[in-house]
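# Survey of secondary and tertiary structure
Listed below are the residues making up each chain.
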Amino acid sequence: FSLDSDSWEWDIASIQMKTIPEDVVRLLASGITMLPAQTQRVLMLLSCIGSVCAESTLSLFINDTDLHWNETTKVTTSREEDISSSLEVAIGEGLLNKEGSSYSFAHDQIQSVAYSLIPTYQRNQVHLQIGYLILKNKPSNDRGNIFFIATNQLNRGKLAMDEGMKELAANLNLKAGHEATSLSAFEDSSVYFAAGISLLCNDCWNKSNELSIQLHSSYAEVEFCNGRFDEVGRVTKIILQKAKSLQDRLRAYSTLIKTLGAQKQSRNAIEISLSVLGDLEEPVQYTSREDLVKTLHIFTKMDNSQFLRLKKMDDNTKGVVMKLLHTLSFHCFFSESKYLPFALNRMLELTLSHGVCKESCSAFATISFMLCGLHGDQTGSSRAGELALLLLDISHAKEYESNVRNFVSTTQSWTDPLRLTIKRKFSSYEIGMQTGAIDDAMYSAAGCCYYQFFCGIELPILEKDCRRFIKQMSEYKQTLAKDRVTILLQVALNLMGKSNNPLDLTSETMVQSQYIEECPKQMKCGFYILSSWLAYLFGEYELASSAVSSRMEVEKNTNKKIEWCGMTLFYDCLIYLASARRKQNSLTSDISGKSKMSGFYPTALMKKLVDYTQCNNQHRLLLVEAEVAYSKGEYNVAIEKYDSAIVAAEVVGILHEQAICNERAGDFFLAHGNIKRATSHYGHAIDLYHRWGAQAKVDHLCKQIPL
């Protein structure tokens, strides 16, 4: 009783969570049996649906369902007004609630009691009737919900089905599973596919081969999305044993290959891919990167109208080959396999000779990613990305949209403002989750985290997002993507002061030595880049240089250098210049007037980045130029460049790079005895590092500056 409102107040949620004692249950059952027969019937039929039922759904079956629950009581059909009055009686008794156009039981256990009054021997038949009537009477514009209810009812009536009805219900479960998958309800779709499989007869692989293939293959695919890889292995094994032809086994192979890749078994995934390609009489041959670029240029010379006039692929076997090559290329990239150029080049050749298909857009997107950057063919890369998006729009390849947009967004990051890439990566992640492309979604999520870091997003926000995605990656067992984000999270924690040693990437999330030993070469390069950045930020220039050297050694055996839209080069330049200055190496000039150290041209390389996009790189070029002028003893030039770098960095708004510009300017002025300006720049740097959330760096800088 509330003294404030002068009335009784009920906590409905708490009441519903309470378990009703057995004697009260018996009392409820007794009370329901005392109600008019039509009201009892309505309550029992409603209980078959669940705790809530829409009035429109109820009307589809309530009048025609045959139900009798004792020797003297049998009610089969009624007028609509009788149903309405029976519902009103139940509401009046406090057994049902009317909320809008839906009826709900006042408590879950009231529903259980009502259901228990249906004789056990009748329940399967009643569910079967309800499911059949809903299917028969549902409106033609139903968007799925009523169809799901009908299929659920049929499944609960499984024991009352004959063989013909079981096959019909199995087909309905296949349809329901696909509908649920399209809604990203992967757990629900798994239940439907499994229910469909359970309805198949013992000799289903002979009597209903196509239905068996479809149900088992779909079930394996959705269990991959759910991260239940053991179940994927079990089901694909059945398909590979029972399927009559290679064509029937191909979907299972594709799912198995993806599953192996997600579990860091890329080499096994590649071996199976090559074996199946051999079975399809597809030649596997050595292809160089130059061969790939040459084939790509055939397409890049076409204008859009010429490209769109290419025929559509109508050879089913070649379509299957394209799917396998797509999967192969994905795993070759991370395992540094020599077959990557072959897979991509062959996809382009098949597109030329047999026509475009959905996988063609993925091939162009992957090539666009491979060729972007200072060490690639940026013109060819950009055009390949344009063709990928063009094909994506006309082919409606939803299953590849996350993959395509993720790769192309990386290419676009070289020419567009960096913060746009965060939005594009996140959009790619959402699309992957919606379409069931879980592996692509998780790689997009990892990319989103990295670009947040590049853009100087506050580290506590980055930590939160990394942890959220790592949790999701763990749930879906996407190990490679999880490892990528784990190393970034540890870098953020080190910068925030949440580790004992800011230079050692060993803490709550990972063990540094184990990570280096186990991760693929591409990710190992990423580790060395992040390690070099940390070492540079904390003034350990020899350690930073060592990490750069280790990365360059690993890069010799990779398919693509990790450039991260020029940031790798930017920090390489800073590390190189800082190390040289500490060793008191002198900078000379070549005949072009470009500064160089041992053949390394920091300014010239940074100018190439500015040619790609000035908004992302102007402040970086200016800072490198300032550091070069400092090392060469060009005092006035250095001051001008430091000041310009700081202003340009403020315009871009990348917090940690603003801080670095100020810190380097502070070092310069301190070395030249200008304490006032040094103090000002150090103060700004500390404030910016603090705003970024890098408390460990704040503490380090406060200890290091002798002011």
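Residues numbered from 1 in each chain as written. Predicted model: local features only at pLDDT ≥ 70, side-chain atom pairs only at ≥ 80, totals over all residues. Heavy atoms only, no water.

### Concerning the confidence of the model for the protein
Averaged over every residue, the pLDDT of the protein is 89; the share at 70 or more is 91%. The spread of mean pLDDT over the elements of the protein runs between strand β7 (residues 595-596), the lowest at 40, and helix α35 (residues 675-692), the highest at 97. Note that residues 586-599 has pLDDT below 50 and, in this model, 25 contacts with residues that lie over four places away or in other chains. (pLDDT = per-residue confidence, 0-100. Helix = DSSP H or I, 4+ residues; strand = E, 2+ residues; numbered from the N terminus. Contact = heavy atoms within 4.5 Å.)

### Here's the deal with empty space enclosed by the protein
Enumeration according to the criterion identifies three cavities of 30 Å³ or more in this entry. Lining of the largest cavity is provided by 28 residues; of these, Phe333, Phe369, Thr410, Arg484 and Trp564 occupy positions nearest its centre. Where the lining of the largest cavity is concerned, the elements lending two or more residues are α18 (316-335), α22 (398-412), α24 (438-454), α26 (479-496) and α28 (521-537). The biggest single contributor to the lining of the largest cavity is α24, with five residues. When the residues that make up the lining of the largest cavity are grouped by side-chain class, the tally is 16 nonpolar, six polar and six charged. There is about 80 Å³ of room inside the second largest cavity. If you trace the second largest cavity, you find 13 residues lining it, with Phe453, Trp533, Leu537, Tyr571 and His656 closest to the centre. (1 Å grid on protein atoms, 1.4 Å probe; cavity = no way out; pocket = protein on both sides within 12 Å on 5 of 7 lines; lining within 4 Å. Points joined across faces, edges and corners; volume = space filled by probe spheres on them. Nonpolar A, V, L, I, M, F, W, Y, C, P; charged D, E, K, R; others polar.)

### A word on the packing of aromatic side chains
Enumeration over the complete set of coordinates arrives at 30 aromatic pairs. Centroid distance Tyr635 to Phe668: 5.4 Å. Interplanar angle 35°. Geometry classified as tilted. Here Tyr635 is found in helix α33 (residues 635-652), whereas its partner Phe668 is found in helix α34 (residues 655-671), with 33 residues between them in sequence. Overall, Phe668 belongs to the buried group, its relative accessible area being 0%. Of note, Arg468 hangs over the ring of Phe469, and the distance from its end group to the ring centre comes to 4.5 Å. Above the plane of the ring of Phe538 lies Lys697, whose end atom (NZ or CZ) is 5.9 Å from the centre. (Phe/Tyr/Trp six-rings, centres within 6.5 Å; stacked < 30°, edge-to-face > 60°. Buried < 20%, exposed > 50% of the residue type's maximum accessible area, 1.4 Å probe, protein only. Lys NZ or Arg CZ within 6 Å of the ring centre and 35° of its normal.)

### Re the pattern of salt bridges
With the rule as written, the count across this model stands at 31 salt bridges. Here Lys358 and Glu399 are joined by a salt bridge, their closest N and O atoms 3.6 Å apart. Separated by 41 residues along the polypeptide, Lys358 in helix α20 (residues 358-371) and Glu399 in helix α22 bring together distant segments of the chain. When its relative accessible area of 33% is taken as the criterion, Lys358 is described as partly exposed. Judged by its relative accessible area of 33%, Glu399 is partly exposed. Shared partners join several salt bridges into a network, and the residues in it are Glu282, Lys318, Arg346 and Glu349. (Salt bridge = Lys/Arg side-chain N within 4 Å of Asp/Glu carboxyl O.)

### Thoughts on α22
For α22, which comprises 15 residues, the first-to-last C-alpha distance of 21 Å matches the rise-based estimate of 21 Å (1.5 Å per residue) to within 8%. Along α22, eleven of the 15 residues are buried, which leaves the element largely enclosed by surrounding structure. In this structure, the buried side of α22 is in contact with α18, α20, α21 (378-395), α23 (418-435) and α24. (Expected span 1.5 Å × (residues − 1).)

### Regarding the layout of surface pockets
By volume, the largest pocket amounts to about 1,200 Å³. Along the wall of the largest pocket there are 37 residues; nearest its centre are Glu221, Arg251, Lys258, Lys323 and Glu399. Secondary-structure elements contributing two or more residues to the lining of the largest pocket are α9 (163-182), α12 (209-225), α14 (246-262), α18, α22, α23 and α24. Of all the elements, α12 adds the most residues to the lining of the largest pocket, at nine residues. Grouping the amino acids of the lining of the largest pocket by side-chain chemistry returns eleven nonpolar, 16 polar and ten charged. As a volume, the second largest pocket reaches approximately 490 Å³. Taken together, 22 residues form the lining of the second largest pocket, with Tyr541, Arg582, Arg664, Asp667 and Tyr682 sitting closest to its centre. Counting only elements with at least two residues in the lining of the second largest pocket, the list comes to α30 (567-582), α32 (614-632), α34 and α36 (695-704). For the lining of the second largest pocket, the element with the most residues is α34, which contributes five residues. Class assignment for the residues of the lining of the second largest pocket results in eleven nonpolar, three polar and eight charged.

### Some points on the sheet that holds strand β1 (residues 52-54)
What the three strands build is an open sheet, ordered β1-β5-β4; its pairing is antiparallel. Only two strands of the sheet have a single partner each, and these edge strands are β1 and β4 (96-99). On average, each strand axis in the sheet is tilted by 25° relative to the strand beside it, whichever way the strands run. Pairing of β4 with strand β5 (residues 102-105), which is carried by four bridges, proceeds in the antiparallel orientation. Along β5, the bridge assignment pairs Leu96 with Phe105. (Pairing = 2+ DSSP bridges. Axes fitted to C-alpha atoms, helices over the stretch in contact; angles between N-to-C directions.)

### Comments concerning the packing of helix α15 (residues 266-279) against α18
In the contact formed by α15 and α18, the axes pass within 9 Å of each other and the chain directions differ by 150°. Relative to α18, the element α15 is oriented roughly antiparallel. Here α15 runs over α18; the crossing is left-handed. On the side of α15, the interface is formed by Ser266, Arg267, Ala269, Ile270, Ser273, Leu274, Val276 and Leu277, while α18 contributes Val321, Leu324, Leu325, Leu328, His331, Cys332 and Ser335. Partitioned by chemical class, the residues of the contact of α15 with α18 number ten nonpolar, four polar and one charged. (Parallel < 35°, antiparallel > 145°, perpendicular 65-115°, else oblique. Left-handed = near helix turned anticlockwise from the far one by under 90°.)

### Topic: the state of the cysteines
Considering all chains together, one arrives at zero disulfides under this definition. Distance from the sulfur of Cys372, which forms no disulfide, to the nearest cysteine sulfur (Cys565) is 9.1 Å. A relative accessible area of 2% means that Cys372 is categorised as buried. Cys661 provides the cysteine sulfur closest to Cys573, a residue in no disulfide bond, and the two sulfurs are 13 Å apart. The class for Cys573 is buried, based on a relative accessible area of 0%. (Disulfide = S-S within 2.5 Å.)

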